[in-house]
Structures are given as structure tokens and as C-alpha cells.
Amino acid sequence: EIEKEVSSSVAKEMTVPVTPSLTSPMTIGDWMLTLLISGIPLVGLVMLFVWAFGENANANKANWAKATLLWMLIGLILGALFFALFLSAARTMYSR
């Protein structure tokens, strides 16, 4: 019985407290406000970085912000590649 008490007290000490607000699901209102703020030019981009890499952001919002930033980076790279391809084709076409 003493072993059970000791092991249960050790288990209680080893558990890490989780803040419910950082891991609980976001409400529809939270998402509507998040999407509204992220849609504001420049402010939205700054907030995406804050939500993605800040310590006090909800886990759901942080993962969404990281995914959004990755999609933006992919779009930027693809846009630059298509622009370079178009520019190269235009130079070839008009150099004759």
C-alpha cells in the first residue's frame, strides 16, 4: 500500500499542467475574429507570425497560422518562378 501511495504521488508530481485556453477548441466567434484580423493587409501578416511562433496562442490557431504562412511561402516561390518563366519567354519573343 505504501508503494501505491508513493507511486501515485510521484505520478502527480510528474504531470505537466496544461492551460485549457491554449489547447481547447476555438469557437466559431474566435475563428471569425481570427480570419477578420488575418485579412487586414500587413496587420494580418504580422499577426500570423505572432500566432504561429508566440507562446500564448491557442494550439489550433498556432498550427493554422503556421500552415497559412507555409502556403504563402509556397505561393510566393511559385509566383516568382512563373514570373521568371514569363519574363524569359517575353525576352525571347521580343528579341527577334
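How each quantity is defined
- Residues numbered from 1 in each chain as written.
- Predicted model: local features only at pLDDT ≥ 70, side-chain atom pairs only at ≥ 80, totals over all residues.
- Heavy atoms only, no water.
- Helix = DSSP H or I, 4+ residues; strand = E, 2+ residues; numbered from the N terminus.
- Buried < 20%, exposed > 50% of the residue type's maximum accessible area, 1.4 Å probe, protein only.
- Contact = heavy atoms within 4.5 Å.
- Areas by Shrake-Rupley, 256 points an atom, 1.4 Å probe, with all protein chains shown as cover.
- Axes fitted to C-alpha atoms, helices over the stretch in contact; angles between N-to-C directions.
- Left-handed = near helix turned anticlockwise from the far one by under 90°.
- Nonpolar A, V, L, I, M, F, W, Y, C, P; charged D, E, K, R; others polar.
- Core = buried A, V, L, I, M, F, W, Y, C linked by side-chain atoms within 4.5 Å.
- Parallel < 35°, antiparallel > 145°, perpendicular 65-115°, else oblique.

Visitor: Which parts of the structure should I look at to understand the overall build of the protein chain?
Guide: Looking only at helices and strands, one finds five helices and zero strands in the protein chain. In the protein chain, the succession of α and β elements from N to C terminus is α-α-α-α-α. Expressed as a percentage of the 96 residues in the protein chain, the buried residues total 14%. For the protein chain, contacts bridging at least 24 residues in sequence account for 51% of all contacts bridging at least 6. In the form shown here, the protein chain has an accessible surface area of approximately 8,100 Å², with 72% of it arising from carbon and sulfur atoms.

Visitor: When you look at the packing of helix α3 (residues 28–38) against helix α5 (residues 59–94) in this model, what are you seeing that I'm missing?
Guide: Taken N-terminus to C-terminus, the directions of α3 and α5 make an angle of 30°; their axes are 12 Å apart at the nearest point. The handedness of the crossing between α3 and α5 comes out as right-handed. Only N60, K61 and W64 of α5 make contact with α3, whose side of the interface consists of W31, T34, L35 and S38. Tallied by class, the residues present in the contact of α3 with α5 amount to three nonpolar, three polar and one charged.

Visitor: Would you explain unusual backbone geometry in this entry?
Guide: Working note: non-glycine residues mostly have negative phi, and peptide bonds are mostly trans. The phi angle at L42 is positive, at roughly 65°, despite the residue not being glycine. Relative to the elements of secondary structure, L42 occurs in the loop between α3 and α4 (43–53).

Visitor: Just to check I follow, could you spell out the nonpolar core for this structure?
Guide: Nonpolar side chains tend to gather and get buried jointly when the protein is soluble and globular. In terms of nonpolar packing, the biggest core is built from five residues, these being L48, W51, A52, A65 and L69. Elements supplying a minimum of two residues to this core: α4 and α5. Sorting elements by how many residues they give to this core places α4 first, with three residues. When residues no more than four places from it in sequence are discounted, the contact partners of A65 are L48, W51 and A52.

Visitor: How should I be thinking about the packing of α4 against α5 in this particular structure?
Guide: Any two packed helices are characterised by how steeply their axes cross, that is the angle between the axes, and by the distance between the axes. Orientation of α4 relative to α5, taken along the N-to-C sense of each, is 130°, at an axis distance of 7 Å. Relative to α5, α4 is oriented oblique. Judged by the sense of rotation from one axis to the other, the crossing of α4 with α5 is left-handed. The residues of α5 that touch α4, namely those facing L45, L48, F49, W51, A52 and F53, are K61, A62, W64, A65, K66, T68, L69 and M72. Broken down by class, the residue content of the contact of α4 with α5 amounts to eleven nonpolar, one polar and two charged.

That is the geometry; function is a separate question.
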